[in-house]
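# Secondary and tertiary structure notes
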Amino acid sequence: MENLKKIINGKEYSKKFLKQVYPLSTNFLKKFKRKPCLAVILVGDNTASRIYVNNKVRTAEKNGIQSKEVILSSKVSEVNLLNEILKLNVDENVDGILVQLPLPAHISEKKIIHSINPKKDVDGFHPINFGKLFMGNPNFIPCTPLGCFYMLKNEFKDLSGKNAVIIGRSNIVGKPMASLLLASNCSVTITHSKTKNLQEHCKKADILVSAVGIPEMVDETYIKQGAIIIDVGINRLQFVNPETNVNETKLVGDVNFRKVVNIAKKITPVPGGVGPMTIACLMHNTVKAAYKNKKQNFKNILGDYF
Ligand code: NAP
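The paragraphs below set out a description of the structure included in this document. (Residues numbered from 1 in each chain as written. Predicted model: local features only at pLDDT ≥ 70, side-chain atom pairs only at ≥ 80, totals over all residues. Heavy atoms only, no water.)

### Description of the overall build of the protein
Our working rule: Numbering of helices and strands runs from the N terminus; a helix is a DSSP stretch of H or I covering at least four residues, while a strand is a stretch of E covering at least two. Throughout, the radius of gyration refers to the C-alpha atoms, and the reference size of a globule is 2.2 Å times the residue count to the power 0.38. Relative accessibility decides the category of a residue: with a 1.4 Å probe and only protein chains considered, values under 20% of the type maximum give buried, values over 50% give exposed, and everything between is partly exposed. Whether two residues are in contact is decided by their heavy atoms: any pair within 4.5 Å suffices. The protein chains shown are the only cover counted for residues, whose accessible areas, like all others here, come from Shrake-Rupley with a 1.4 Å probe. Positive charges come from Lys and Arg alone, negative charges from Asp and Glu alone, with His and the N- and C-terminal ends not counted. By convention, the point assigned to a charge is CZ for Arg, NZ for Lys, CD for Glu and CG for Asp.
Scanning the protein from N- to C-terminus turns up 10 helices and 10 strands. For 306 residues, the compact-globule estimate of 2.2 N^0.38 gives 19 Å, and the C-alpha radius of gyration of the protein, at 20 Å, lies within 12% of that figure. Dimensions of the protein, computed from C-alpha atoms along their principal axes, come out at roughly 50 × 45 × 35 Å. A buried classification covers 51% of the 306 residues belonging to the protein. Taking the intrachain contacts of the protein between residues at least 6 apart in sequence as the baseline, contacts between residues at least 24 apart amount to 68%. Total accessible area on the protein stands at roughly 15000 Å², and carbon and sulfur atoms take up 52% of it. Separation of charge centres in the protein, based on 44 positive and 25 negative side chains, amounts to 6 Å.

Here's what the structure looks like:
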């Protein structure tokens, strides 16, 4: 029971957040006689990517956002994919463009991300948006770190002076997360696979964000008493069900929840933590893009900095 109070409930946060997004999309519809529109490009038949895209499309529909799916074969050439993006870039009825990653090996993710119109880059991966975030003048912020940050700000109004440690330095999670925490006056350490004495760094964290992709790597030896833990990892773990003796899979995070929950002050679970907020932030970014593309003021749900 005590431990339940420690959970940062991403599902509840996302519901609360989307309740604020919905009126913005309905107002947009009233004003412009169309819904904000998100184009999602899926290349190939990766099962996990298909599930992510389905979730995004379903959430968009529930929140007054039109989605336009562009499904391409895994054999599509880079040039043809670029052409699809160029069409969406100039389509006035498309506000946001998302290319589901990863892409097949013969396509350069970098080239694809760079080709998206920065004004429609709702994932926030384009160098212009990435640079703006790091210069303290963000436009579109990558959805996963944005969702993590939203929950942290709601749980703890003032993050100033806290020691934040991030495990993972990807452009999608680790680096933008660091920028957001830095902008909130945290002292930030980014760690990675070459970091020496990882546990020692993590033990100093008031806030620990893990984005590694190694199932349950972070245990009690990484955690300071009273730390706040944000577990970004989504890892599918295979196990044999002892009752049925059948092979099953389950989702786990980077953090061994059971081993750290007694030490932590607050912690996001997997599933039901960061994942739902990531999709909610994608909806937010799409509606924001729609207003901005129509040269309208957008009163940001997340506060003035964003
Ligand atoms: P990524 O690009 O593979 O980056 C992983 C990072 O972890 C890299 O910086 C890597 O270091 C570091 N790392 C690997 N092994 C390590 C170790 N033993 N010790 C310390 N650092 C280590 O992954 P990502 O895209 O950031 O995603 C990370 C995890 O978050 C994955 O499980 C992914 O599925 C999940 N994710 C979840 C959401 C969500 O919505 N919840 C969204 C995005 C990602 P190097 O740079 O040195 O290689």
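### Comments concerning the site of the ligand
This is how it is decided: A single heavy atom is enough: if one lies within 4 Å of a molecule or strand, its residue is considered near that molecule or strand. We define a polar contact as two N or O atoms separated by no more than 3.5 Å, with the added condition that, inside protein, one atom must be a possible hydrogen donor and the other a possible acceptor, whereas residues neighbouring each other in sequence contribute only through side-chain atom pairs. Amino acids outside the nonpolar list (Ala, Val, Leu, Ile, Met, Phe, Trp, Tyr, Cys, Pro) and the charged list (Asp, Glu, Lys, Arg) are all regarded as polar, and Gly is one of them.
Neighbouring the ligand are 21 residues; Arg 169, Ser 170, Ser 193, Val 232 and Thr 278 lie closest to it. The separation between an oxygen atom of the ligand and a polar side-chain atom of Thr 278 is 3.0 Å. About the coverage of the ligand: the protein hides 69% of its 930 Å² of free accessible area. Looking at side-chain class alone, the shell around the ligand contains 10 nonpolar, 10 polar and 1 charged residues.

In short, shape yes, function no, at least from these values alone.
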